Amino acid sequence: MTAPTPHFPHTETPSATLSGISVSYPNGPIVLNGLDWALLPGQVVGLLGRNGSGKTTLLETLLGLREPQAGRVELFGQDAARLDDAARARIGYVPQQSDLFEAFTPAQLMAYFKSFYPRWNDARVEGLMSRWDIARDKPIRKLSGGQKQRLSIIRALAHEPDLLVLDEPVASLDPVGRRDFLRELVEQVLDRGTTVVFSTHILSDLERVAFNLAFLSEGRIALQAPLDELLEQVRAFTGTVTELASLFARLGAQPLKRTPLEAGRERVLARLPAGVAAPHDAQAVNLEDLFTELT
Amino acid sequence: MNAAAYNQLLLAFWRQRDLDAPWGRRFLVALALLGTALGLYFLPEFTSALLAATAAVWLMSLWSAIIGSLLKQNHPHVARFVPGHLRQLREAALGSWALLSLASSVLLWAFVPRMPSFALLLLLSTATLAFVGWAARTWLLWLVVSFAPVLFFGTGLDKRLSPLWAALRELWLGQPWSVLALCLLGLGASVVLMFGNGDGVHREAYACRDRMRRASEESLSGKRAGAAALGKPGEWLARPFERVASSWLRHVIARAQPTARSVMRRAEVVLHGQQHWLRQGMGALLGLVIAVLSFALAFGLAGQGLQDNWTKGAYGMAIGLASMGFNPSFALPNMLWHSRREQALLRLLPGMPQGMALNRSVAWLQLRHALVAWGVTTAGLALLAWAAHDLALLCLAFGALPLSTGWLLRVPSRMKAPTSWTAVVPVFAFLLMAWGMYALHQKLHTPLVLLAGVSVAVSALLGAWRWRALLAAPVALPTGRLA
């Protein structure tokens with residue numbers, strides 16, 4: 001048995017770069033507004049945002065499926081709208097809707113996609129199909145929502161992509177399914193150094209797997225940082241405007257979100273510089289607080 | 001009685017109409033009004049009879065809409081958990097059934113000459129409305145209506161059962177009102193029984209109807225659903241189709257090459273879904289086989305030769321053949337819209353053409369299919385025209401050609417969501433053009449060769465103009481959720 005070939009990043013070229021991206025729907029509001037974002041090789045990023053904040057639009061734009069009104073998207077250093085075959089073979093995508101290709105059976109779906117890719121891990125596909133209890137010859141339209149989603153994930157992992165984009169991949173999965181999926185994801189990252197970006201609302205999963213969090217708010221990435229750093233460095237402060245201003249100046253803290261309170265006081269979520277100890281009256285925040293405040 | 005609650009139930013069909021696609025509905029109403037107006041113009045001596053018959057048909061259509069909506073509202077969960085809902089549905093259905101059948105009977109009896117007795121009219125209209133309700137619930141009843149008369153008369157059952165008919169007739173003539181009352185009771189009970197009480201059988205039947213309803217709504221916007229939408233009988237019927245489609249998929253995958261031609265051959269399986277040329281071809285073949293068998297059976301049982309009917313029915317058969325051959329091609333752009341979510345994955349596949357190359361590939365794919373379908377159908381029409389000694393039937397082919405090039409080469413990325421209106425526009429346009437050419441030939445003696453030449457020239461011009469616009473479009477497919 002041969003040891004798995006490590007595929008850690010051998011380049012510092014970002015897997016994906018989005019510069020000044022603006023997207024709006026016809027007669028609709030602006031969804032992405034001058035957004036800048038970069039995904040480095042091997043990074044695992046959890047994309048967080050409220051319902052309708054534009055996560056799916058962002059991921060579709062990142063993949064070159066949606067043409068922005070302004071800005072530029074590059075994947076592996078190429079224009080996302082004109083990717084060559086080699087670059088496309090390095091991308092795996094799990095769309096939000098998993099009820100696709102309903103006329104096919106899972107076996108047909110895998111054979112269909114395999115016919116396009118130069119690399120295809122049959123053993124992994126077979127293993128996951130049997131482990132995740134997916135009937136090979138049952139029409140996809142007859143599978144449950146969770147099974148369809150698992151099938152979609154297997155399809156995206158089968159060609160061992162270097163960039164994996166997952167749009168709410170665990171929405172229809174039960175806790176066991178989510179655990180299995182996260183295990184596969186971690187293995188993918190550890191074995192191959194795959195860059196992963198996935199959107200989700202299930203915060204507990206992010207705490208288990210996402211090394212980086214990106215918060216999408218008002219059409220921009222409001223904040224992106226490693227999860228551990230965020231939990232360690234972000235604190236909630238309450239006080240008068242002047243008190244907090246002088247405190248932040250002294251600590252070198254970066255205010256992230258201000259919430260006015262009564263009597264000239266305010267509650268501010270701020271990020272402390274690395275190595276600076278938080279004052280004892282500052283409140284620690286959890287991931288749910290961060291989601292609520294920053295999106 | 002809470003009138004507001006009954007209003008809510010009975011008017012739901014109108015309140016829930018598709019406001020995004022009003023033109024199809026308006027067009028049908030306009031067509032009906034035009035038909036009535038023409039009837040009144042050409043048959044002024046039958047004005048009252050015509051108006052009464054039209055009103056009766058409208059009332060029956062109203063029943064069809066109401067009962068369809070009431071059955072939709074009879075959701076198993078609501079039937080089980082909302083107190084009084086099932087009772088209200090039954091009362092609303094029973095009331096509207098009684099009122100509408102009575103009104104249509106009165107109209108026909110009072111204004112249309114040579115009608116049978118009022119009792120018989122009432123029996124017929126109540127039975128018709130009850131049947132329409134049951135057929136909305138159980139689609140297989142339409143099959144019974146389609147084939148039963150042929151089998152019934154063809155196999156001589158009418159003669160064998162004549163003693164029974166005679167006895168029933170005797171009974172009716174002897175005691176018409178008692179028999180009518182008994183029949184109305186039975187029919188009323190059948191209307192009440194249409195509604196389920198939320199048990200397992202109801203849940204299963206409702207899910208099946210819901211699947212069919214969605215398939216029917218989608219088909220209005222050009223998305224052809226698989227036979228699986230008809231439930232288990234549909235799946236059983238579709239099994240040979242699925243086997244052939246699977247064999248084709250295996251074939252194209254086994255011969256996959258990293259060439260644009262091979263990639264597009266695999267892509268079209270997904271892009272056109274149920275409108276893939278193989279499925280279209282099989283559907284047309286099945287339709288032809290059923291038509292031939294039905295004709296053979298009907299004429300064979302009736303003891304008539306085919307030749308005479310062939311000649312007389314050539315025009316109707318030509319329209320049927322043309323609809324079967326040309327119409328599916330007009331739906332191809334709509335299928336591109338309906339497969340837009342799958343396109344997101346297709347566009348990321350290695351080998352898939354990009355930009356202008358994809359524009360060209362998709363356009364050529366559709367045009368090729370439409371032209372092949374046109375060629376085959378035109379050959380069939382020519383055969384029909386030759387057998388029926390009426391070459392003007394070829395006008396159907398001349399009318400379809402410009403639509404094939406003009407409609408299919410629209411820029412998909414600028415498409416709006418198809419509606420029932422946009423789905424029927426090319427079909428009506430095709431019929432209108434064919435009818436116009438037929439009229440030009442028959443009334444003004446325009447030579448068929450000239451009509452054919454004009455059709456080809458217009459098609460070429462339209463095609464060239466559309467092709468240029470299509471190649472200049474930045475994106476070839478309406479990929480994505482909301483594109």
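**Q** What is the right way to read the overall build of chain B from this model?
**A** Helices and strands together make up the secondary structure of chain B, namely 23 helices and zero strands. If one aligns the C-alpha atoms of chain B with their principal axes, the spans along those axes are about 80 × 60 × 45 Å. With 483 residues in all, chain B has 40% of them scored as buried. Look at the contacts in chain B between residues 6 or more apart in sequence, and 78% of them connect residues 24 or more apart. Charge-centre separation for chain B: the mean point of 42 positive side chains lies 9 Å from the mean point of 17 negative side chains.

**Q** Just to check I follow, could you spell out the overall build of chain A for this structure?
**A** Each helix and strand counted, chain A has ten helices and 14 strands in total. In terms of overall size, chain A behaves like a compact globule, its C-alpha atoms giving a radius of gyration of 21 Å where 295 residues would be expected to give roughly 19 Å. Its C-alpha atoms give chain A principal-axis dimensions of about 65 × 40 × 40 Å. For chain A, buried positions account for 53% of its 295 residues. Across chain A, the fraction of contacts at a sequence separation of at least 24, relative to all contacts at a separation of at least 6, is 67%. Here chain A has roughly 13000 Å² of accessible surface; of this, 50% comes from carbon and sulfur atoms.

**Q** In this structure, what is going on with the sheet that holds strand β5 (residues 78-79) of chain A? I would like to understand it.
**A** Residues and elements named next belong to chain A. The strand order across the open sheet formed by four strands is β2-β1-β4-β5, and the pairing between neighbours is antiparallel. Edge positions in the open sheet fall to β2 (30-39) and β5, since each of these has one partner strand only. Note that strand β1 (residues 16-24) and β2 share six bridges and pair antiparallel. Counted as the bridge partner of Ile21 is Leu35 from β2.

**Q** Looking at this structure, I do not really get the sheet that holds strand β14 (residues 283-284) of chain A. What am I missing?
**A** To summarise the sheet geometry, strands pair through backbone hydrogen bonds and adopt either a parallel or an antiparallel arrangement. Residue and element names in this part refer to chain A. Spatial ordering of the open sheet is given by β12-β13-β11-β14, a layout of four strands whose pairing is antiparallel. This sheet does not close on itself; its edge strands, each paired only once, are β12 (254-260) and β14. Where β12 and strand β13 (residues 265-271) come together, six bridges link them in antiparallel fashion. Each bridged residue has a counterpart across the sheet, and for Thr259 the counterpart in β13 is Arg267. Relative to the sheet, helix α9 (residues 241-251) contacts β11 (234-240), β12 and β13, its axis offset from that of β11 by approximately 140°.

**Q** Honestly, the domain arrangement of chain A in this entry has me stumped. Any pointers?
**A** The figure often quoted for interface size is the accessible area lost as the parts come together. Residues and elements named next belong to chain A. For chain A, the domain assignment lists domain 1 (16-218) and domain 2 (230-294). Measuring from the centre of the C-alpha atoms in domain 1 to the corresponding centre in domain 2 gives 34 Å. On the side of domain 2, seven residues touch domain 1, which itself brings ten residues to the contact. Of the roughly 820 Å² buried at the junction of domain 1 and domain 2 (both faces included), carbon and sulfur atoms supply 79%. On the domain 1 side of the interface with domain 2, the three residues burying the most area are Arg50, Leu203 and Phe215, jointly 59% of the side's total. Between the two partners, domain 1 and domain 2, sit zero salt bridges. On the surface where domain 1 and domain 2 come into contact, there are one residue pair in polar contact (both at pLDDT 80 or more). Looking at the side of domain 1 that touches domain 2, the elements with two or more residues in it are α7 (203-209) and β9 (212-217). Of the residues in the side of domain 1 that touches domain 2, the class split is five nonpolar, three polar and two charged.

**Q** What exactly am I supposed to notice about the side chain of Asn359 of chain B here?
**A** All names here are of chain B. Mapped onto the elements of the fold, Asn359 is located in helix α20 (residues 355-388). Looking at Asn359, the relative accessible area reads 2%, which means it is buried. Separated by 2.7 Å, the side chain of Asn359 and the backbone oxygen of Ala473 make a polar contact.

**Q** Help me understand the packing of helix α6 (residues 85-111) of chain B against helix α11 (residues 176-193) of chain B, please; the structure alone is not making it clear to me.
**A** Geometry of a packed helix pair, given as the angle between the helix axes and the separation of the axes. All names here are of chain B. Across the interface, α6 lies against α11 with an axial gap of 9 Å and an inter-helix angle of 140°. Relative to α11, α6 is oriented oblique. α11 is crossed by α6, and the crossing has right-handed handedness. For the pair α6 and α11, the contacting residues are Arg90, Ala93, Leu94 and Trp97 in the first and Leu184, Leu187, Gly188, Val191 and Val192 in the second. For the contact of α6 with α11, a count of residues per class yields seven nonpolar, one polar and one charged.

**Q** What exactly am I supposed to notice about the environment of Ser15 of chain A here?
**A** Residues and elements named next belong to chain A. As for its placement among the helices and strands, Ser15 is situated in the segment before β1. Each C-alpha atom of the pair Ser15 and Val196 lies 9.7 Å from the other, and the pair is 181 residues apart in sequence. Look past the residues within four positions of Ser15 in its chain and what remains in contact with it is Leu39, Leu40, Pro41, Glu74, Leu75, Phe76, Leu163 and Thr195.

**Q** Explain the interface of chain A and chain B here, please?
**A** Taken together, the contact pairs 34 residues of chain A with 30 residues of chain B. Taking both sides of the interface into account, the surface hidden between chain A and chain B amounts to around 2900 Å²; carbon and sulfur atoms contribute 60%. Scanning the region where chain A abuts chain B turns up one salt bridge. If you look at where chain A meets chain B, you find nine residue pairs in polar contact (both at pLDDT 80 or more). Those elements that provide at least two residues to the side of chain A that touches chain B are α1 (55-62), α2 (85-88) and α3 (106-114) of chain A. With four residues, the top contributor of residues to the side of chain A that touches chain B is α3 of chain A.

**Q** Is there a simple way to think about the nonpolar core in this case?
**A** The biggest cluster of nonpolar side chains holds 110 residues, and the ones touching the most others in it are Trp37, Leu62, Phe101 and Tyr112 of chain A. Two domains each provide a minimum of three residues to this core, namely domain 1 (16-218) and domain 2 (230-294) of chain A. The contact partners of Tyr112 of chain A, leaving out residues within four places of it in the chain, are Phe101 and Phe104 of chain A together with Leu249, Ile253, Arg266, Ala267, Val270 and Leu346 of chain B. In terms of nonpolar packing, the next biggest core, distinct from the first, is built from 29 residues, Phe330, Leu393, Cys395 and Leu401 of chain B among them.

What counts and what doesn't
- Residues numbered from 1 in each chain as written.
- Chains lettered and ligands numbered in written order.
- Predicted model: local features only at pLDDT ≥ 70, side-chain atom pairs only at ≥ 80, totals over all residues.
- Heavy atoms only, no water.
- Helix = DSSP H or I, 4+ residues; strand = E, 2+ residues; numbered from the N terminus.
- Buried < 20%, exposed > 50% of the residue type's maximum accessible area, 1.4 Å probe, protein only.
- Contact = heavy atoms within 4.5 Å.
- Lys, Arg positive; Asp, Glu negative; His and termini not counted.
- Charge placed at Lys NZ, Arg CZ, Asp CG, Glu CD.
- Rg over C-alpha atoms; globule rule 2.2 N^0.38 Å.
- Areas by Shrake-Rupley, 256 points an atom, 1.4 Å probe, with all protein chains shown as cover.
- Pairing = 2+ DSSP bridges.
- Axes fitted to C-alpha atoms, helices over the stretch in contact; angles between N-to-C directions.
- Domains from an automatic or database assignment.
- Buried area = accessible area lost by both parts, 1.4 Å probe.
- Salt bridge = Lys/Arg side-chain N within 4 Å of Asp/Glu carboxyl O.
- Polar contact = N/O pair within 3.5 Å; in protein donor to acceptor, adjacent residues only side chain to side chain.
- Nonpolar A, V, L, I, M, F, W, Y, C, P; charged D, E, K, R; others polar.
- Parallel < 35°, antiparallel > 145°, perpendicular 65-115°, else oblique.
- Left-handed = near helix turned anticlockwise from the far one by under 90°.
- Core = buried A, V, L, I, M, F, W, Y, C linked by side-chain atoms within 4.5 Å.

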